[in-house]
Amino acid sequence: MDNLKKNIEKVIHEIDDVVEMFYQQKTKDAYIQLDSVLADLLQVIDPIHAYKVEHPDAGVDSESLTDALKETLSAMEEKDAILTADVLKYEVNEKLEMIMNVIQ
């Protein structure tokens, strides 16, 4: 599971970089980078769900991560860069950090 934790940590750092771009009003570059980050995020979603199935008592809350991702997509559809950045930073990353801390 160390590999999964490393991948989650990598995604967290990538999200931090994208958030910083949004806050610096480098919106176009941020959306381009976000496309890459979402691809990496998709690579950790399935292993997170698999971990939850294998360790049901571990406390992995993958549903809240899914909800945060839906909020991100909603903000992107509204073309609200700051809201997108805020949801990524305060929802998605927070959920990823909680999951990373629970995984043994």
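The structure this text deals with has already been given above.
Every chain is numbered independently, its residues counted from 1 as its sequence is written. With pLDDT at 70 or above as the cut-off, local features in this predicted model cover only qualifying residues; side-chain atom pairs require 80 or more to be listed or tallied, and sums for whole chains, interfaces and linings still use all residues. For side-chain calculations, the full set of non-hydrogen atoms in the structure is used, while hydrogens and water are omitted.

(A) Representation of the packing of helix α1 (residues 2–23) against helix α4 (residues 81–102). Between the N-to-C directions of two axes lies an angle of 0 to 180 degrees, each axis being a line fitted to C-alpha atoms and, for a helix, fitted only over the stretch in contact. Strands are runs of DSSP state E lasting at least two residues, helices are runs of H or I lasting at least four, and both sets are numbered from the N terminus onward. Interhelical geometry of α1 versus α4 gives an angle of 160° and a closest axis separation of 9 Å. One element, α1, and the other, α4, form an angle in the roughly antiparallel class. The two elements α1 and α4 meet at a crossing, and its hand is left-handed. Working rule for angles: under 35 degrees goes down as roughly parallel, over 145 as roughly antiparallel, 65 to 115 as roughly perpendicular, anything else as oblique. By the definition used in this description, the sense in which the near helix is turned from the far one sets the handedness, with an anticlockwise turn below a right angle giving left-handed and a clockwise turn giving right-handed.

(B) Inspection of the environment of K95 at higher detail. Tracing the sequence through the fold places K95 in helix α4. When accessible area is computed with a 1.4 Å probe and restricted to protein chains, residues below 20% of their type maximum are described as buried, those above 50% as exposed, and intermediate ones as partly exposed. The class of K95 is buried, set by a relative accessible area of 12%. Along the backbone, K95 and S62 are 33 residues apart, and their C-alpha atoms lie at a distance of 8.2 Å. Whether two residues are in contact is decided by their heavy atoms, any of which lying within 4.5 Å being enough. If we ignore the near neighbours within four places in the chain, the residues touching K95 are S64, L65 and A68.

(C) Layout of the side chain of S62. Looking at the secondary structure, you find S62 in helix α3 (residues 62–77). On the basis of relative accessible area, S62 is assigned to the buried category, the value being 2%. A 3.5 Å cut-off defines polar contacts: any pair of N or O atoms within that distance qualifies, except that in protein one atom must be a possible hydrogen donor and the other a possible acceptor, and neighbouring residues in sequence count only when both atoms are side-chain atoms. Within the structure, S62 has its side chain in polar contact with the side chain of H49 (distance 3.2 Å). Not counting chain neighbours up to four residues away, the residues in contact with S62 comprise I48, H49, K52 and I99.

(D) View of a negative patch on the surface. Candidates for patches are residues over 30% relative accessible area with no salt bridge; among them, like charges are joined within 9 Å and nonpolar side chains (Val, Leu, Ile, Met, Phe, Trp, Tyr) within 5 Å. To be clear on the numbers: accessible area is Shrake-Rupley with a 1.4 Å probe, and residue cover counts the displayed protein chains and nothing else. For this analysis, a salt bridge means a side-chain nitrogen from Lys or Arg found within 4 Å of a carboxyl oxygen belonging to Asp or Glu. Note on charges: Lys and Arg go in the positive column, Asp and Glu in the negative column, and His and the chain ends are not counted at all. One atom stands in for each charge, and that atom is NZ of Lys, CZ of Arg, CG of Asp or CD of Glu. A contiguous patch of negative charge on the surface is contributed by D16, D17, E20 and E97. The biggest single contributor to the negative patch is α1, with three residues. Note that D16 resides in helix α1. By relative accessible area, which is 35% here, D16 ends up partly exposed.

(E) Summary view of the pattern of salt bridges. Tallying each qualifying case throughout the model produces five salt bridges. Among the salt bridges present, the one from E14 reaches K10, with a minimum N-O distance of 3.5 Å. With E14 and K10 both in helix α1, this residue pair falls four residues apart, about one helical turn. Notably, a salt bridge pairs K52 with E63, separated by 2.5 Å at the nearest N-O pair. Linking K52 in helix α2 (residues 27–54) with E63 in helix α3, this pair joins segments that are eleven residues apart in sequence.

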